[in-house]
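Examining the three-dimensional arrangement
Each chain, written out:
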Amino acid sequence: MPQTTPTVAVLTALSLEYDAVLAHLTDVQTLTHPRYGTKAKQGQLPGTPWQVALVNMGEGTLTAATLTERVLTWLEPEAVLLVGVAGGLKDDIGIGDVVVATKVYSIHGGKQTPDGFLVRPEAWRASHRLEQAAKEALGATTDFKAFFKPIAVGDVVLADRESELAEHIRTHYNDAVAIEMESSGVAHAVHLAGEAGALIIRGISDKANADKSQADAKGSQPLAAANAAEAAITVLHELEPKPVPGQAHSDPRERPFRGSRYGGDHLDFRGSTFNGPFTAKSVGQRPDNDGR
(Lines give C-alpha, C1' and ligand atoms only; values in the text may rest on other atoms or scores of the structure.)
Protein backbone atom coordinates (compact mmCIF):
# COMPACT_ATOMS: atom_id res chain seq x y z
CA MET A 1 0.00 0.00 0.00
CA PRO A 2 2.28 2.83 -1.16
CA GLN A 3 2.11 6.02 0.86
CA THR A 4 2.03 9.47 -0.76
CA THR A 5 3.19 11.22 2.41
CA PRO A 6 6.15 10.23 4.61
CA THR A 7 5.08 7.49 6.99
CA VAL A 8 6.62 6.15 10.16
CA ALA A 9 5.32 3.05 11.95
CA VAL A 10 5.06 3.16 15.73
CA LEU A 11 4.62 -0.26 17.31
CA THR A 12 3.54 -1.06 20.86
CA ALA A 13 2.94 -4.24 22.86
CA LEU A 14 0.49 -2.99 25.51
CA SER A 15 -2.71 -0.98 25.31
CA LEU A 16 -1.44 1.72 27.68
CA GLU A 17 1.61 2.21 25.44
CA TYR A 18 -0.66 2.42 22.39
CA ASP A 19 -2.95 4.96 24.05
CA ALA A 20 0.01 7.11 25.14
CA VAL A 21 1.13 7.49 21.51
CA LEU A 22 -2.38 7.82 20.09
CA ALA A 23 -3.01 10.88 22.28
CA HIS A 24 -0.45 12.82 20.22
CA LEU A 25 -2.07 12.19 16.80
CA THR A 26 -4.76 14.05 14.90
CA ASP A 27 -7.01 13.20 11.95
CA VAL A 28 -6.95 9.56 12.99
CA GLN A 29 -8.49 6.85 10.86
CA THR A 30 -8.53 3.06 11.17
CA LEU A 31 -6.80 0.91 8.58
CA THR A 32 -7.46 -2.81 8.17
CA HIS A 33 -5.13 -5.21 6.42
CA PRO A 34 -7.15 -6.59 3.46
CA ARG A 35 -6.01 -10.18 3.99
CA TYR A 36 -5.13 -10.69 7.66
CA GLY A 37 -7.35 -8.14 9.38
CA THR A 38 -4.50 -6.47 11.26
CA LYS A 39 -5.60 -3.03 12.51
CA ALA A 40 -3.64 0.21 12.48
CA LYS A 41 -4.50 3.75 13.49
CA GLN A 42 -3.19 6.23 10.95
CA GLY A 43 -2.93 9.86 11.97
CA GLN A 44 -0.97 13.04 11.47
CA LEU A 45 1.65 14.23 13.92
CA PRO A 46 1.06 18.00 14.23
CA GLY A 47 4.04 20.21 13.53
CA THR A 48 5.77 17.57 11.42
CA PRO A 49 5.42 16.13 7.91
CA TRP A 50 4.95 12.67 9.41
CA GLN A 51 1.98 10.42 9.00
CA VAL A 52 2.07 7.87 11.84
CA ALA A 53 0.81 4.31 11.50
CA LEU A 54 0.24 3.03 15.04
CA VAL A 55 -0.08 -0.72 15.65
CA ASN A 56 -0.68 -2.53 18.93
CA MET A 57 1.11 -5.82 18.24
CA GLY A 58 0.82 -7.70 21.50
CA GLU A 59 3.59 -9.23 23.58
CA GLY A 60 6.55 -11.45 22.70
CA THR A 61 9.39 -11.62 20.22
CA LEU A 62 7.70 -13.96 17.73
CA THR A 63 4.57 -11.81 17.54
CA ALA A 64 6.71 -8.69 17.22
CA ALA A 65 8.73 -10.12 14.33
CA THR A 66 5.62 -11.31 12.45
CA LEU A 67 3.67 -8.08 12.85
CA THR A 68 6.67 -5.90 12.04
CA GLU A 69 7.21 -7.71 8.75
CA ARG A 70 3.50 -7.34 7.98
CA VAL A 71 3.54 -3.61 8.69
CA LEU A 72 6.64 -3.12 6.53
CA THR A 73 5.09 -4.76 3.48
CA TRP A 74 1.61 -3.33 4.06
CA LEU A 75 2.22 0.31 4.98
CA GLU A 76 5.78 0.75 3.68
CA PRO A 77 7.06 3.08 6.44
CA GLU A 78 10.49 4.63 6.08
CA ALA A 79 11.17 4.18 9.80
CA VAL A 80 9.93 1.92 12.61
CA LEU A 81 9.77 2.93 16.26
CA LEU A 82 8.98 0.46 19.04
CA VAL A 83 7.67 2.43 21.99
CA GLY A 84 6.77 1.12 25.42
CA VAL A 85 7.91 0.10 28.90
CA ALA A 86 10.74 -2.05 30.23
CA GLY A 87 12.32 -3.26 33.44
CA GLY A 88 15.45 -1.45 34.57
CA LEU A 89 18.67 -3.34 35.28
CA LYS A 90 20.85 -0.53 36.64
CA ASP A 91 20.45 1.37 39.89
CA ASP A 92 21.27 4.76 38.33
CA ILE A 93 18.37 4.58 35.86
CA GLY A 94 15.14 5.27 37.67
CA ILE A 95 11.46 4.62 37.13
CA GLY A 96 10.13 7.03 34.52
CA ASP A 97 13.51 7.46 32.83
CA VAL A 98 13.71 6.64 29.12
CA VAL A 99 16.17 4.31 27.42
CA VAL A 100 16.86 4.60 23.70
CA ALA A 101 18.47 1.32 22.66
CA THR A 102 21.82 1.68 20.94
CA LYS A 103 21.96 -2.09 20.70
CA VAL A 104 19.42 -4.91 21.17
CA TYR A 105 20.59 -8.23 22.64
CA SER A 106 18.72 -11.51 22.22
CA ILE A 107 19.65 -13.22 25.49
CA HIS A 108 18.57 -16.84 24.98
CA GLY A 109 20.88 -17.98 22.18
CA GLY A 110 23.62 -20.44 23.10
CA LYS A 111 24.73 -24.03 23.63
CA GLN A 112 24.46 -26.09 26.81
CA THR A 113 27.56 -28.22 27.36
CA PRO A 114 29.01 -30.28 30.25
CA ASP A 115 31.26 -27.28 30.89
CA GLY A 116 28.33 -24.91 31.18
CA PHE A 117 26.21 -22.69 28.95
CA LEU A 118 28.12 -21.17 26.05
CA VAL A 119 26.53 -17.93 24.91
CA ARG A 120 26.00 -17.33 21.21
CA PRO A 121 24.98 -13.68 21.20
CA GLU A 122 22.81 -12.02 18.61
CA ALA A 123 22.60 -8.24 18.54
CA TRP A 124 21.17 -5.50 16.34
CA ARG A 125 22.32 -1.91 16.38
CA ALA A 126 20.02 1.09 16.18
CA SER A 127 19.64 2.87 12.86
CA HIS A 128 22.35 5.53 12.76
CA ARG A 129 19.95 8.03 11.19
CA LEU A 130 17.31 7.51 13.86
CA GLU A 131 19.80 7.41 16.72
CA GLN A 132 21.31 10.71 15.59
CA ALA A 133 17.88 12.32 15.47
CA ALA A 134 17.13 10.96 18.95
CA LYS A 135 20.35 12.27 20.44
CA GLU A 136 19.71 15.71 18.96
CA ALA A 137 16.09 15.75 20.08
CA LEU A 138 16.47 14.36 23.60
CA GLY A 139 19.71 16.01 24.61
CA ALA A 140 18.00 18.93 26.37
CA THR A 141 14.83 17.29 27.67
CA THR A 142 13.79 18.23 31.22
CA ASP A 143 10.68 16.12 31.86
CA PHE A 144 12.66 12.86 32.12
CA LYS A 145 16.20 11.60 31.77
CA ALA A 146 17.11 9.88 28.50
CA PHE A 147 19.84 7.25 28.29
CA PHE A 148 21.38 5.80 25.12
CA LYS A 149 22.35 2.28 26.14
CA PRO A 150 21.94 -1.39 25.08
CA ILE A 151 18.92 -3.40 26.21
CA ALA A 152 18.33 -7.13 26.71
CA VAL A 153 15.38 -8.99 25.20
CA GLY A 154 13.85 -12.38 25.93
CA ASP A 155 10.44 -14.03 26.19
CA VAL A 156 10.42 -13.73 29.95
CA VAL A 157 9.35 -11.28 32.65
CA LEU A 158 12.25 -10.72 35.04
CA ALA A 159 11.11 -10.03 38.60
CA ASP A 160 14.08 -11.36 40.59
CA ARG A 161 17.46 -9.63 40.56
CA GLU A 162 19.05 -12.68 42.26
CA SER A 163 17.77 -15.25 39.78
CA GLU A 164 19.85 -17.39 37.44
CA LEU A 165 18.55 -15.34 34.50
CA ALA A 166 19.57 -12.07 36.13
CA GLU A 167 23.06 -13.45 36.74
CA HIS A 168 23.20 -14.66 33.12
CA ILE A 169 22.47 -11.12 31.91
CA ARG A 170 24.99 -9.55 34.30
CA THR A 171 27.68 -11.98 33.17
CA HIS A 172 27.16 -11.99 29.41
CA TYR A 173 25.28 -8.74 28.67
CA ASN A 174 26.58 -6.54 31.44
CA ASP A 175 26.16 -3.27 29.51
CA ALA A 176 22.40 -3.82 29.08
CA VAL A 177 20.41 -1.37 31.20
CA ALA A 178 16.86 -2.65 30.61
CA ILE A 179 15.00 -5.83 29.74
CA GLU A 180 11.82 -6.39 27.72
CA MET A 181 10.15 -8.87 25.36
CA GLU A 182 9.73 -7.48 21.82
CA SER A 183 12.70 -5.50 20.51
CA SER A 184 14.72 -8.36 19.06
CA GLY A 185 11.76 -9.44 16.92
CA VAL A 186 11.24 -5.91 15.61
CA ALA A 187 14.94 -5.29 15.02
CA HIS A 188 15.43 -8.58 13.19
CA ALA A 189 12.41 -8.06 10.92
CA VAL A 190 13.55 -4.55 10.02
CA HIS A 191 17.08 -5.81 9.40
CA LEU A 192 15.84 -8.49 6.98
CA ALA A 193 13.67 -5.98 5.13
CA GLY A 194 16.73 -3.82 4.53
CA GLU A 195 14.89 -0.54 3.86
CA ALA A 196 13.47 1.10 6.97
CA GLY A 197 15.51 1.77 10.09
CA ALA A 198 14.43 0.80 13.60
CA LEU A 199 14.65 2.62 16.92
CA ILE A 200 13.63 1.21 20.31
CA ILE A 201 12.38 3.66 22.95
CA ARG A 202 11.51 2.31 26.41
CA GLY A 203 10.33 3.96 29.59
CA ILE A 204 11.46 2.24 32.80
CA SER A 205 8.41 1.03 34.73
CA ASP A 206 10.09 -1.20 37.35
CA LYS A 207 13.52 -2.37 38.47
CA ALA A 208 13.10 -6.01 37.31
CA ASN A 209 13.06 -7.21 40.91
CA ALA A 210 10.65 -8.50 43.52
CA ASP A 211 9.10 -5.03 43.88
CA LYS A 212 7.79 -5.07 40.30
CA SER A 213 4.16 -5.65 41.31
CA GLN A 214 4.29 -2.85 43.87
CA ALA A 215 5.76 -0.44 41.32
CA ASP A 216 3.04 -1.36 38.82
CA ALA A 217 0.36 -0.82 41.46
CA LYS A 218 1.67 2.70 42.13
CA GLY A 219 1.16 3.72 38.51
CA SER A 220 4.70 3.31 37.23
CA GLN A 221 3.60 1.77 33.92
CA PRO A 222 1.44 4.71 32.76
CA LEU A 223 4.24 7.11 33.73
CA ALA A 224 6.86 5.10 31.84
CA ALA A 225 4.59 4.68 28.80
CA ALA A 226 3.79 8.40 28.71
CA ASN A 227 7.47 9.35 28.89
CA ALA A 228 8.41 6.85 26.18
CA ALA A 229 5.65 8.22 23.94
CA GLU A 230 6.77 11.79 24.60
CA ALA A 231 10.33 10.81 23.72
CA ALA A 232 9.19 9.19 20.47
CA ILE A 233 7.16 12.26 19.48
CA THR A 234 10.13 14.50 20.26
CA VAL A 235 12.36 12.36 18.04
CA LEU A 236 9.87 12.56 15.16
CA HIS A 237 9.85 16.36 15.42
CA GLU A 238 13.61 16.22 14.82
CA LEU A 239 13.65 13.48 12.17
CA GLU A 240 13.45 14.62 8.54
CA PRO A 241 11.90 12.40 5.86
CA LYS A 242 14.21 10.90 3.27
CA PRO A 243 14.32 12.66 -0.11
CA VAL A 244 11.90 11.16 -2.62
CA PRO A 245 13.62 9.90 -5.79
CA GLY A 246 12.69 12.04 -8.78
CA GLN A 247 11.65 15.02 -6.70
CA ALA A 248 13.75 18.15 -6.34
CA HIS A 249 15.69 18.27 -3.11
CA SER A 250 16.07 21.71 -1.62
CA ASP A 251 19.54 22.81 -0.61
CA PRO A 252 19.45 24.49 2.82
CA ARG A 253 22.03 26.97 1.54
CA GLU A 254 19.54 28.30 -1.03
CA ARG A 255 17.70 30.72 1.19
CA PRO A 256 17.65 34.44 1.98
CA PHE A 257 20.89 35.55 3.62
CA ARG A 258 20.68 38.35 6.14
CA GLY A 259 23.28 40.15 8.17
CA SER A 260 26.10 42.68 8.08
CA ARG A 261 28.04 40.88 5.37
CA TYR A 262 25.32 41.24 2.73
CA GLY A 263 23.50 44.34 3.98
CA GLY A 264 20.07 42.98 3.04
CA ASP A 265 18.18 39.95 1.70
CA HIS A 266 20.12 37.91 -0.84
CA LEU A 267 19.61 34.51 -2.45
CA ASP A 268 22.40 31.98 -2.86
CA PHE A 269 22.30 30.56 -6.41
CA ARG A 270 25.28 28.23 -6.12
CA GLY A 271 24.81 25.16 -8.30
CA SER A 272 21.80 26.67 -10.09
CA THR A 273 21.19 26.65 -13.85
CA PHE A 274 19.56 29.57 -15.67
CA ASN A 275 17.96 29.43 -19.13
CA GLY A 276 17.77 33.20 -19.48
CA PRO A 277 19.18 36.44 -18.11
CA PHE A 278 18.58 37.65 -14.58
CA THR A 279 19.10 41.05 -13.03
CA ALA A 280 21.34 41.73 -10.04
CA LYS A 281 22.20 44.86 -8.11
CA SER A 282 25.53 45.85 -6.66
CA VAL A 283 25.28 47.35 -3.18
CA GLY A 284 28.86 48.56 -2.88
CA GLN A 285 30.31 45.47 -1.18
CA ARG A 286 33.81 44.54 -2.32
CA PRO A 287 34.21 40.91 -3.40
CA ASP A 288 36.01 38.40 -1.21
CA ASN A 289 39.38 37.07 -2.26
CA ASP A 290 37.71 34.11 -3.95
CA GLY A 291 35.74 36.50 -6.22
CA ARG A 292 32.32 36.23 -4.53
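Structure: above.
Reference entry: report on the structure contained in this document. (Residues numbered from 1 in each chain as written. Predicted model: local features only at pLDDT ≥ 70, side-chain atom pairs only at ≥ 80, totals over all residues. Heavy atoms only, no water.)

To continue, consider the nonpolar core. Residues Leu81, Leu199, Ile201 and Leu236 are the most contacted members of the largest nonpolar core, which totals 34 residues. Every element with two or more residues in this core is listed here: β1 (7–12), α1 (15–22), β4 (51–56), β5 (79–88), β6 (98–106), α3 (128–138), β12 (197–206) and α7 (220–238). Here the element with the most residues in this core is α7; it accounts for nine residues. Setting aside residues no more than four positions away along its own chain, leucine 199 makes contact with Val80, Leu81, Leu82, Val100, Ala101, Ala126, Leu130, Glu131, Ala134 and Val235. Core analysis: the second largest hydrophobic core is formed by 33 residues, Leu31, Val80, Ala178 and Val186 among them. (Core = buried A, V, L, I, M, F, W, Y, C linked by side-chain atoms within 4.5 Å. Buried < 20%, exposed > 50% of the residue type's maximum accessible area, 1.4 Å probe, protein only. Helix = DSSP H or I, 4+ residues; strand = E, 2+ residues; numbered from the N terminus. Contact = heavy atoms within 4.5 Å.)

Next up on the list: helix α4 (residues 164–172). Among the residues of α4, Leu165, Ala166, His168 and Ile169 are the ones counted as buried. All buried residues of α4 project into a common sector of 155° when viewed along the axis, lining one side. Considering only its buried residues, α4 is in contact with β8 (116–119), β10 (146–153) and β11 (178–180). (Arc of directions from axis to C-beta.)

For the rest of this paragraph, the subject is unusual backbone geometry. Note: most peptide bonds trans; most residues except glycine with negative phi. The backbone of glutamate 76 shows a phi angle near 50°, a positive value even though the residue is not glycine. Position of glutamate 76 relative to the elements: it lies in the loop between α2 (61–75) and β5. Judged by relative accessible area, glutamate 76 falls into the partly exposed class, the value being 43%. Phi at alanine 208 is positive, roughly 55°, even though this residue is not glycine. Inspection of the secondary structure assignment puts alanine 208 in the loop between β12 and α6 (212–217).

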